Each structure stands twice: as structure tokens, then as C-alpha cells.
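Spelled out, the chains give:
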Amino acid sequence: MAISRGFQGRRRGDVDPARVPPGQYVTRDFPVLSAGPTPHTPLTEWDFTIRGAIDQPVSWTWEELLALPSETITVDIHCVTKWSKLDTAWKGVSLDVLLEQVETGAEYVLAFCDGGYTTNLPLEDLTGGRAWIAYEYGGEPLEPEHGGPARLLVPHLYFWKSAKWVRGLELRTEDEPGFWEYYGYHNYGDPWKEQRYRGD
Amino acid sequence: MAALDGNAIAGTLVAVFDTELTTAIGACASCGRRSLVGEFAVYLRGPGTVVRCRHCTAVVLVIVEAHGVSCVDLQGLEALEPAA
Amino acid sequence: MERAALPRRLTWQLATVVELVEETARTKSIALELEGWSGHRAGQHVDVRLTAEDGYQAQRSYSIASAPEDDKLVLTVERLDDGEVSPYLVDELRPGDRLELRGPIGGYFVWEAALGGPLLLLAGGSGVVPLRSILRHHQAIESTVPVRLLYSARSPAEVIYRRELAGVAADGAVDIRYTLTREQPEGWQGYGRRIDRELLGEVAWPRIERPLVYACGPTAFVETAASALVALGHEPGRIRLERFGPTGG
């Protein structure tokens, strides 16, 4: 490995190491990572649906989502590509609010999105104030390239689980791998245990 | 986020397959359309590299580097014919 | 029929920086020497990898600016404001530094005499870099294939290789047209806008000539060029594209 004299990259050094999971670097930027073209669903056609292992699917239109009690939160986010961004500010609806209406025996969730992206999580990880449907970032409406109009936000897991352009959750009694999980990423993705790839 | 093209993964493909592939012809398993690998839509910034058919946007190829090993999934390609 | 570009083995090699030339305020040409360089074909690129002292790595692709006949391998890099690798290459690198690279890479966006012409080269900003390699190669082999370059740049100050291009244009070897999209010099008679179908219709060879087209630059530029040419009746199979863009990761 050849060291490039004086190369640092765009990393911040002035950071409390306790906030940085193993193998991560802190950045000031907000890199745009994508697996496909940015979708542009008109808000008049947008909805968020919880379906699957549930008696009746539940749906919210854009207006209905915005009318729900929302929270403004500041969290650190950790991408499996090794960058972390601290103190990111979001506004959105807690999944606890959305799941209030839901009675299910399902233990797993597959989040699905415009453009076909999916990611899976235990249902439990969406509860207890740990997950949101976020529609504002840094005080502004969430930009399409960052997942707008709304994305899933689950900061305690690697950021590929915070699915951009989310349109709903499929409740499942059996786990099913989502996009990156299928292609070799870890099924759960805890950055503090450095669970990047399957088998880690 | 505008996609790049197969030129952007030319080096990775050589490293994995030990042969130049941007002049190879790939057939999309989803719509059947044939393209030069150099012409596929490439999304480089992400947990992995996703290559899509320009015509139907179906995924044709995914490259994930896990623990220093490049894993290439070609299930989205019906055929891959190196240049003669 | 193209012969496949098979490098003996695509491994990371260490090159030494021998010279740095400022082409414009944001771009620099980096001349390199490395042992065992297998040579390249005009239009190919290399992957460059930087490693920080703590092991952090970043990798990017850069087109080769030199012709296969030139005695040094040259890369021309444009500094992207929010880039991670380009500011280092343009602002920090010094002669004597070592640069890790692998290549040459690419078989699709390549020109050599056997492919014929006439050649239509379309450059958007730093997309001119691999096209300059093609032009220098064309010149080095004394090719009689007619060649025309359309170069889109924001302003005269941002035209890379300005003097060199003026020289080959003055010789009559290459027909060069510019479109300066943001700032034009006084008395400018040339184009002053982003490329569009009308502009390409005026600049491109008639479709009956079946030009071989190489378009390189930002995705938007390349895709506008490609769709305009196809709309003008040019064969998609004779249009080669290379999109540049932020790669990050």
C-alpha cells in the first residue's frame, strides 16, 4: 500500500471518538448514494401504506402524513461505505405514531420504495422512538436526491436501511432480504458491531 | 442523480474477469435489449455498484466489495458476449 | 474489428510525478513516469488510488491525456470544488511524489486508425481530455482521416490545451469549433450556448458521411449530444459516449 504524501480526504478530525462506530470516518458533506435513477412521484399521487400481515392495509396521503404529530430530531448517521455524519437534523413522523393503528403478529418488515428499492428490518427496530418517516432535512423539505419527498430514517442501523423514496412497509411473519441484503450486505446492520456484510 | 456508463467500471470488470468488457454485449434479462457494456447505466455511489439497462432500468449487474473480495452478480444479464 | 485491450495484468503500479503543468485555473496536467508501463490506446483511462497515513483510501478514474506515442504518460485533472481526490491532485501533488494507478483501462471509448472516420469529437468541459489523446494520436500517426472537434467550455479561460488546439487548428489538421457557454470574448463570432440539436446539426458531418462520433463530458452534455445526433439521423452504433461525473463513494 503506497501512502500518498499529505492526502487526508474530506474527513473531520475534531470529533469525539465515542460517537464514531468502528471503521467509520466523519464527513461534513452529505454524499448522495444511489442504486438507480431518482424517482419523482407527484405529491398528489404519493401515499404511504402499511400492508402485509395485517387485517386491513393502512394508508396515508401526503397531506395526511404531514397532519400527523411530527418530531424534529438530531441524530448521527452511519453509512456502510464508511462515512458518518454527526448531528443531522430531520423532521418527520415517528413510526410509533404510524404503527399505533396497526395490530399484527408480524416480526419483520420489508420497506418498499419508488424505484424498486427494498430493505428489511425487525419490526421491533422501528419502534420505541428509533425510526421515522422523515420529510425534512436541515430545516428544508427533503430533496429528491436525498430521498425526498420522504424516506425511512433508522439511525441506529447502517444508513442503507434508511430507505430513500419509501412508500410503505410490508409486515411479514418471515424475514425476507431487501436489495443490499440480497447482494451480500448484513441482514441486520448494527454499525457498532460493524455488521457490514453477511456473516460479519 | 445522473448515471455514468460502463466506462466507469471498466477497471473493476478487468480486475474481476481478467478481460476488457466494455466492448462486450450484454442482453438484459428483463427486456431482452442488447447493449455494449460500455453503454449500460452505472450507479457508482453506494454500498455497491449497480448497473442497469438503459431501456427498462432493470438491474443487470451488481458489484459488491466485501472484505476485499469483489462479488459480481450477473443474474440480470441473459447473455454476455465478449467482443470478437 | 477492434482488438481487445488486454493489459498483461491489471495491477496497481506506482508512478512518479515528473512534471505539473497548469492548464487553466482549475486543471492541471500531471506527467508521470512508471516502469513497465505497457502503453495505451487513445481514449483509455487509468484508475488512481490515494491512501492516507491511517489507511483511508479513495479511488477515481482519469482519462489519459497523452497519445500512445508521447514519451510520458499524462493525466489532466480538473479540480472539483467538493471533490475528495481532485483537489489533492491539482493543489497538493509535487514533482517527485508517487501516485498509485492501474491501467490502461477501456476498450469502448478508444480510437485508432483501423476504425476510420470521419471523426467527430464532442467535448464538454474536461471531457476534452481523452479527445485530446485521440487528436494527438491522430497527428502522430499522420492519419488522413478528417477530424472535427466541437469543444464546449464556459469561457475562454476555461479552455484546456488552448494554445495546443489553436496550433493544430491553424495547421488545418483539425477543424475546431468552440461554444463558450457563459462568457465570450469581445467580437466573438462563434457559438455562445449549450449544445442543442440545431448547433449539432450545423457542426456535425452530414449523416451520409457516417461519422464516427466520440462525445465526452458531464452526463447531461453527453446525453444531449447523443440524442441530438440520433434525431439528426446518425447511427447510434457509430456514437461512442463517455460520461464524467462525481463518483465519490
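All figures in this text were calculated on a predicted structure; none of them were measured in a lab.

Conventions adopted
- Residues numbered from 1 in each chain as written.
- Chains lettered and ligands numbered in written order.
- Predicted model: local features only at pLDDT ≥ 70, side-chain atom pairs only at ≥ 80, totals over all residues.
- Contact = placed C-beta atoms within 7 Å.
- Nonpolar A, V, L, I, M, F, W, Y, C, P; charged D, E, K, R; others polar.
- Pairing = 2+ DSSP bridges.
- Helix = DSSP H or I, 4+ residues; strand = E, 2+ residues; numbered from the N terminus.
- Axes fitted to C-alpha atoms, helices over the stretch in contact; angles between N-to-C directions.
- Buried ≥ 20, exposed ≤ 12 C-beta atoms within 10 Å, placed from the backbone.

**Q** In this structure, what is going on with the interface of chain A and chain C? I would like to understand it.
**A** When the parts of a complex come together, some accessible area is lost, and that lost area is often used as the size of the interface. Across the contact, 15 residues belong to chain A and 16 residues belong to chain C. For the side of chain A that touches chain C, a count of residues per class yields six nonpolar, five polar and four charged.

**Q** Is there a simple way to think about the sheet that holds strand E10 (residues 212–218) of chain C in this case?
**A** Each strand in a sheet pairs with another by means of backbone hydrogen bonds, the pair being arranged parallel or else antiparallel. Residue and element names in this part refer to chain C. The strand order across the open sheet formed by five strands is E9-E8-E7-E10-E11, and the pairing between neighbours is parallel. Edge strands, defined here as strands with exactly one partner in the open sheet, are strand E9 (175–180) and strand E11 (239–244). Within this sheet the neighbouring strands show an average axis-to-axis angle of 10 degrees, counted without direction. Pairing of strand E7 (residues 119–124) with strand E8 (residues 147–153), which is carried by six bridges, proceeds in the parallel orientation. Among the inter-strand pairings, Leu121 is bridged to a residue of E8, identified as Leu149. With respect to the sheet, helix H5 (residues 219–231) is in contact with E7, E8, E10 and E11, its orientation differing from that of E10 by roughly 150 degrees.

**Q** Help me out: how do you make sense of the pairing of E10 of chain C in this one?
**A** Along any regular strand the residues' side chains alternate between the sheet's two faces. All names here are of chain C. Taking burial as the measure, the seven residues of E10 include six buried ones, the bulk of the element. Pairing of E7 with E10 involves five bridges; the strand directions are parallel. Directly across from Leu120, in E10, lies its bridge partner Val213. In the sheet, E10 pairs with E11 via six bridges, with the strands oriented parallel. Residue Tyr214 lies in a different strand from E11, and its bridge partner there is Arg240.

The values are spatial; any link to function lies outside them.
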